[in-house]
Every structure is written in structure tokens, then in C-alpha cells.
Amino acid sequence: MPLQKRKAELAICETAGGEEVVKKVRADMRGGAEAGGREEQAVEEPVGLSHAAADALSAATSATVEEPTMPQPTCLVWFKSDLRVRDNPALYAATTFEPGTANINSGMKQIRVGGSATTAAASASNLPVIALFLINVAEWALHDMAPLRADFILRNLECLKHELAQLHIPLIVRVVEPDDAANHIEDRHHPVAAPTAVLEVARRVHARHVFFNREFEVDETRRDKATQHMLEADGRTVHTFQDQCVMDPGSVRTKEGKVYKVYSMFRTTWITHVVRDRMWDKLTPDPRPNPKGACGAGSAVAAYLARWSEVPTQLAGDVLRVDPAQAILARTHFPAGEAEAHARLATFLADRSPMYTTHRDLVAQAGTSSLSPYLSSGILTTRQALHAAMRANNGRIEGGSAGLAKWISELVWREFYRHILVAFPHVCKHQPFKPEYKNVPWLNDPLAFDAWTRGRTGYPIVDAGMRQLNTLGWMHNRCRMITAMFLTKHLLHDWRRGEHYFMQHLIDGDFANNNGGWQWSASSGVDPQPYFRIFNPLLQSQKCDPDGTYIRHWVPELTHLHGKALHNPHAELPAAEFARLGYPTPIVDHKFARQRCLKAFKTALGKM
Ligand SMILES: Cc1cc2nc3c(=O)[nH]c(=O)nc-3n(C[C@H](O)[C@H](O)[C@H](O)COP(=O)(O)OP(=O)(O)OC[C@H]3O[C@@H](n4cnc5c(N)ncnc54)[C@H](O)[C@@H]3O)c2cc1C
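All values derive from a computational prediction rather than experimental measurement.

### A short note on the nonpolar core
Generally speaking, soluble globular proteins have nonpolar side chains that are buried together. Counting residues in each nonpolar core, the largest one holds 143 residues, and the members touching the most others are Trp270, Leu386, Trp407 and Trp452. Of all the elements, helix H14 (residues 402-423) adds the most residues to this core, at 11 residues. The residues touching tryptophan 452, leaving out its near neighbours within four places in the chain, are Thr457, Val462, Met466, Thr483, Phe486, Leu487, Leu491, Gly498, Tyr501, Phe502 and Trp518. Counting 26 residues, the second-largest nonpolar core is a separate cluster that includes Leu199, Val201, Phe212 and Tyr304.

This is the structure:
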């Protein structure tokens, strides 16, 4: 059975008494099931493995991996969604770590300095640094990763390996096998496989200190905590860092200390903090190189490094196999590497940002940065993007260039959704942000869903968007909103199905942004406007693709049409001419769908 189709999985959950148990949950939930949504709660990290459980797993692993005596200790950096060398707190901390001196585990604030430091020679007291990346197909598939995104990660890993080699830092690309989950854990795909693999690598390379940047989703937090506990139970120190946000999640609050639920107010306070603390200027210095030959041919770990040094060009098995034609297209549109990300950023800021306010919603134009795949996989940080944009705007975060200020405010959406995810982890658990929206009577018509996925709804702008997604693994933001709202409001289909479909196809798939975007579109999210925001797809089409270039490109059946007929061929063309197009009649009438939607939402909210 393909992994993506698995409906039941096991997860370690905490009981009311704090005891951890293995429990069945749905596989397609990011972080396990929950009976109901919590509206607001203190920012706290979900439970990982207890020390006792970690000890047990650690003991199970030690049966197979023995460390030789008196090895040269090393530092291990575990890369995840931070596939870059620059502005990487975990990597920098490892390369500057001097055992027995400063305690850097409390976070970047102690070691961040302004600007970009030059690469210095490693101090004699530094330990050699080894990098690790885990290819965990089971975990990726459980989280609906798109094959194109997996391909993008592999391509970027190759670039990372090259960048690290310049610093004489070897990269271990360790494939996580089901056997990495200790035998007494029944579920071979549970995230415990990753901690066990990290521990095994740490032992093999004699890593006394392990460094990594944290991730925020519930499963990922559990995995990171389990890893930390296992490593510590094994006598290793662990140093973790926050690299995903400019402002730490939980640090932007109202005067009363509450978490913001509305973007505009979050943005105002976020800007105040960023300017006051000059957060935009606090890039992590560049990492230092290893002493030459530290992990070279003669070293004790050389054989192990050689065994795991290859970056595969494709993954084993069928689960995340990428279509070759799609892969070629994606490689053209989204070449890999930090250098590419920075070049894109520079070109966008210099050439296109001045038109951002006027062009960002024109779907046929390259009016946006198309940096999302690089931000989602951590090839570029939000901090770097903000830093560059503010420099281009003469140090201003607001005012100055309207295009730059608007673009910065889009970066703030990215921050906002991460802060929301940490403060309201129920959004990771398949729950609406606003609990009152959980009773919408979705129709969930499988034929309608199928038509939507294939771009055969009879609404050209919706179909063009879906075909762009299916072909490129990327869709313009305006079309993401139009297609998402069409599925949830016009077809009354549960937003979670659309959320999964997007995730399974997006090269920039990012849980916080995707969940935020879908919940916003379905009105169950942070949008202060309630359910009656329903886009008219025909008006949207005329506004965002006025001359029809986008539709003509993605819906070739309509290539020869112009004007209103292109946006609404069924209504505008004579019946015989429409029939010759081979294009579907609209799947639902807009006015009818709108009324049906309003009724359904009112019923769910008890407003009828
Ligand atoms: C239903 C839906 C699903 C989405 N799924 C994803 C997803 O999986 N991954 C993803 O990165 N974005 C997602 N977005 C947000 C947005 O559509 C993309 O970030 C944007 O289209 C990327 O294009 P760009 O890099 O050219 O953006 P630009 O306009 O150049 O913006 C720069 C960056 O700001 C951030 N950003 C811009 N708009 C948003 C937004 N609305 N919410 C959060 N961050 C934003 C992105 O990181 C983006 O790369 C989704 C939006 C919707 C409505």
C-alpha cells in the first residue's frame, strides 16, 4: 500500500497523566489527532520522548553501534530545512564551538553579530565539524511532501555538499531505513526513526556535541525533542537554534501579553520590535572552515563518511518518484543553490520590486520574486530577504519604495503563520483555527474534487491555476487564493483535502504557509472577514489576467479566444462553438454556489 494512502499510523502521545503511550492516529495529520481546537494557549513545545523512553531506545541502538576507544571527538550539525551555509546559526555555532568555554546553547542572541563576518581560520581548539542530512522518505511521505520538492531538496543537497567542501566540512547523507526505529517500536514509520539514525551517526563519527536548527510543526518538534533526549541520554550535548523567523515565535504579543490573531496588528508590533532591536541587521556570521584534512582519508571516520557521502539523484521506491519531464521543467524554473537564491533576490529587488504593488496580482507577469521554494527549504532565510530588502530601501521597513515596503509585508505573512502555528498547535492537528468552523457540512463530492485537481471545472482561471500547479509544482499567489476559495466555497469541499493536494504538488510546500493560506480561503483561519468573503472567479479572472495571457498559456483549448469569451466561454460563445472547444461546462453556477455556501456556513455557525 503506498505510504500516502495509509490511513492509520502510530504515534507517541502524552496521556493526561503525562505518561507517553503509543496510540493510533490518522497519518495525514501533522502531529496527531485532537478532539477539538484550542483557541489560544501559552506557547509551549509539545512533548517528545521522555528520558526513560530515550534511554530505552538508546540502549537498543547501542547493541549495534560500538564506539572505538579514544577517538577524536567531533561536532555534528544536523541539517533539515536549512540547506545553506550562510546565516545558519547551528552551523556557525558548531564551527566556532570551543569545548569547555562559552555556553552557547541558550540561542543565537549570544553569538549573533551584525553584518557578515569574513571566513576565519578555525581555531586550534575547535573540534572538526561534520554535517548530516537524513533522507527520510517515510517521514516525507507522511507529511505529503511533493516529489518535485523532494527532487529540489536533493538538488540543493548537492550544492550544500559543494559549499561545505569549500570549508573542508564533509556531508553525510544518511538514508533512514525502517530498521532505524528500534525493534520494540511497532510502527516502522514513526518519527523515532530519525532520532535513532542521528544517534547512530553521532556514535559513528564520535560527535560529542550535536547542533541543529529547530522546526516548529508538532511532529517535527516531537522528533527534535526525541533526538535531543536520546543524544543527551547517550552523554552528548545538544545545541539547538531558532533560524526560521526574524522574531522568535511567541515574542510578538499584545500589551496584555496575548498572541496576535490578526495579521495587521501583528505586523505593526512586529515592525516595532524589528526596528527597535535591529533584528533585520542580525545576520549570522559565516561559518569557519575545518582544519584541512580533519576528516580526510587518514582519519578514523573516513570509511564511514565515504559510505554515506553520495547525494542520490532520485529516491528509491515509488512513493516520491518524480516525473522526469516535470523534473526538467522544475530544474529550469527553480535551479538549485544558495547562489541562485541570492541572485534571484538581488534581481527581484533591483528590477522588479518597484512594480510589485501594481504587478503582484497580475498572474501572467513575473511580478513576484518566486523565491518561495528557496525560503521553504531554507536555502534563503526570511532574515536575509528582509535584510536585503531594507538595505535596498535605505534602511526603511515602511515608507520609501512602495514596492519594497509591500514585499516586506508579505514576508511578515510568512512570519505570522509561523507564530500562529507555534501558539495554536491545533492547526497542525487537522483542526480549524477557529473551532466554530468545524461543523461546516462539506459536500465532498469526489467527482467535483477530481475535476478541480485536473483543471476541468469549466472556470478558465481556476483550471489555469490548477494546471500550472500540476505542471510546475508552483502557482501564483492570486491563483492559489482563487482555486482554494473555489474548492471550499463553490464546491463546498473540505479545505483539508485541498491543503493535502497542494502539499503533494508544491515545490515550495510549507506547512505553515499552506495551512494558513487554506484556512484563510476557507474562512476558518486568521482572516478577520467571516465566511461571506467569496471570490467571484469571473471577476477575479478579468482583474488578474486582463488580456488572458495566463489562461491561454495553461488552457490550450482556449488559446484562440479573446475578451470576455476567454474568461467565461460557456456564457459568451454560441452553444455549437463552445461544444467544439472540448472544454467542460462550468461545474457549478456561481450565483447558485454562492447562495449554497452562505447557507451551509450559516447553518454550521448557528446563524440560520
Ligand atoms: C491556499 C494557499 C496555499 C499556499 N501554500 C503555500 C506553501 O505551501 N508555501 C509557501 O511558501 N507559500 C504558500 N502560500 C503563500 C503564497 O501563495 C506563496 O508564498 C507565494 O505565492 C510565493 O510566491 P513568491 O515567492 O513569488 O512570493 P512573493 O510575492 O515574492 O513574496 C515573497 C515571500 O513572502 C512569503 N509570502 C508571500 N505571500 C505569502 C502569504 N500569503 N502567506 C505566507 N507567506 C507569503 C513567501 O515566503 C514568498 O516567497 C499559499 C497561499 C495560499 C492562498
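Alright, that's what it looks like, and here's the rest.
### Comments concerning the site of the ligand
If you check the shell around the ligand, you find 28 residues, and the closest are Tyr356, Thr368, Ser369, Ser370 and Asn477. For the ligand, an oxygen atom lies 2.5 Å from a polar atom in the side chain of serine 369. A total of 820 Å² of accessible area belongs to the ligand in isolation, and the protein chains cover 96% of it. Here the shell around the ligand takes 6 residues from H14, the largest share from any one element. A breakdown of the residues in the shell around the ligand according to their chemical character gives 13 nonpolar, 10 polar and 5 charged. Each of domain 2 (324-429) and domain 3 (435-604) gives at least three residues to the shell around the ligand.

### Considerations on the UniProt feature "site: Electron transfer via tryptophanyl radical" (unreviewed entry) in the chain
On the UniProt side, "site: Electron transfer via tryptophanyl radical" (unreviewed entry) is annotated at positions that read Trp442, Trp495 and Trp518 here. Looking at the secondary structure, you find tryptophan 442 in the loop between H14 and helix H15 (446-454). Not counting residues within four places of it along the chain, the set of residues in contact with tryptophan 442 comprises Thr488, Leu492, His493, Asp494, Trp495, Arg496 and Phe601. Residue position: tryptophan 518 is located in helix H19 (residues 511-521). For tryptophan 518, a relative accessible area of 1% translates into the label buried. Sequence-distant contacts of tryptophan 518, that is, excluding residues within four places in its chain, are made with Trp452, Ala484, Leu487, Thr488, Trp495, Gly498, Glu499 and Phe502.

### Here's the deal with the sheet that holds strand S5 (residues 171-175)
Taken in spatial order, the 5 strands of this open sheet run S5-S4-S3-S6-S7, and their pairing is parallel. Of all the strands in the sheet, the pair left with one neighbour each is S5 and strand S7 (237-241). On average, each strand axis in the sheet is tilted by 25° relative to the strand beside it, whichever way the strands run. Relative to strand S6 (residues 207-213), strand S3 (residues 74-79) is paired through 5 bridges, and the arrangement is parallel. When the sheet's bridge partners are listed, threonine 74 is paired in S6 with alanine 207.

### Quick word on the packing of helix H9 (residues 324-333) against helix H16 (residues 460-472)
With their axes 8 Å apart at the nearest point, H9 and H16 run at an angle of 95° to one another. Taken together, the axes of H9 and H16 lie roughly perpendicular to each other. Residue-level inspection shows Gln326, Leu329 and His333 of H9 in contact with H16, the latter providing Asn470, Thr471 and Leu472. Of the residues belonging to the contact of H9 with H16, the class tally is 2 nonpolar, 4 polar and no charged.

### Looking at the pattern of salt bridges
Following the criterion strictly, the structure yields 29 salt bridges and no others. What emerges from the salt-bridge pattern is a single network uniting Lys80, Glu139, Glu215, Arg223 and Asp224.

### Points about unusual backbone geometry
Even without glycine at this site, arginine 278 takes up a positive phi of about 50°. By the element assignment, arginine 278 lies in the loop between helix H7 (263-276) and helix H8 (302-307). Even without glycine at this site, serine 523 takes up a positive phi of about 70°. By the secondary structure assignment, serine 523 is in the loop between H19 and helix H20 (537-544).

### Observations concerning the side chain of serine 369
Secondary-structure assignment places serine 369 in the loop between helix H11 (356-359) and helix H12 (372-376). Once residues lying within four places of it in the same chain are set aside, the contact partners of serine 369 are Phe348, Arg352 and Trp407.

### Things to note about H19
For H19, the buried fraction is high: 9 of the 11 residues fall into the buried class. Listed as buried for H19 are Phe511, Ala512, Asn514, Asn515, Gly516, Trp518, Gln519, Trp520 and Ser521. The inward-facing, buried residues of H19 abut H14, H15, helix H17 (477-490) and helix H18 (495-505). Where H19 begins, one side-chain oxygen reaches toward the backbone nitrogen of alanine 512, 3.2 Å away; that side chain belongs to aspartate 510. Directly beyond the C-terminal end of H19, a positive phi value near 70° is found at serine 523.

About the cut-offs
- Residues numbered from 1 in each chain as written.
- Predicted model: local features only at pLDDT ≥ 70, side-chain atom pairs only at ≥ 80, totals over all residues.
- Heavy atoms only, no water.
- Core = buried A, V, L, I, M, F, W, Y, C linked by side-chain atoms within 4.5 Å.
- Buried < 20%, exposed > 50% of the residue type's maximum accessible area, 1.4 Å probe, protein only.
- Helix = DSSP H or I, 4+ residues; strand = E, 2+ residues; numbered from the N terminus.
- Contact = heavy atoms within 4.5 Å.
- Near = heavy atom within 4 Å.
- Polar contact = N/O pair within 3.5 Å; in protein donor to acceptor, adjacent residues only side chain to side chain.
- Areas by Shrake-Rupley, 256 points an atom, 1.4 Å probe, with all protein chains shown as cover.
- Nonpolar A, V, L, I, M, F, W, Y, C, P; charged D, E, K, R; others polar.
- Domains from an automatic or database assignment.
- UniProt positions renumbered as here; feature names shortened; annotations may be inferred.
- Pairing = 2+ DSSP bridges.
- Axes fitted to C-alpha atoms, helices over the stretch in contact; angles between N-to-C directions.
- Parallel < 35°, antiparallel > 145°, perpendicular 65-115°, else oblique.
- Salt bridge = Lys/Arg side-chain N within 4 Å of Asp/Glu carboxyl O.

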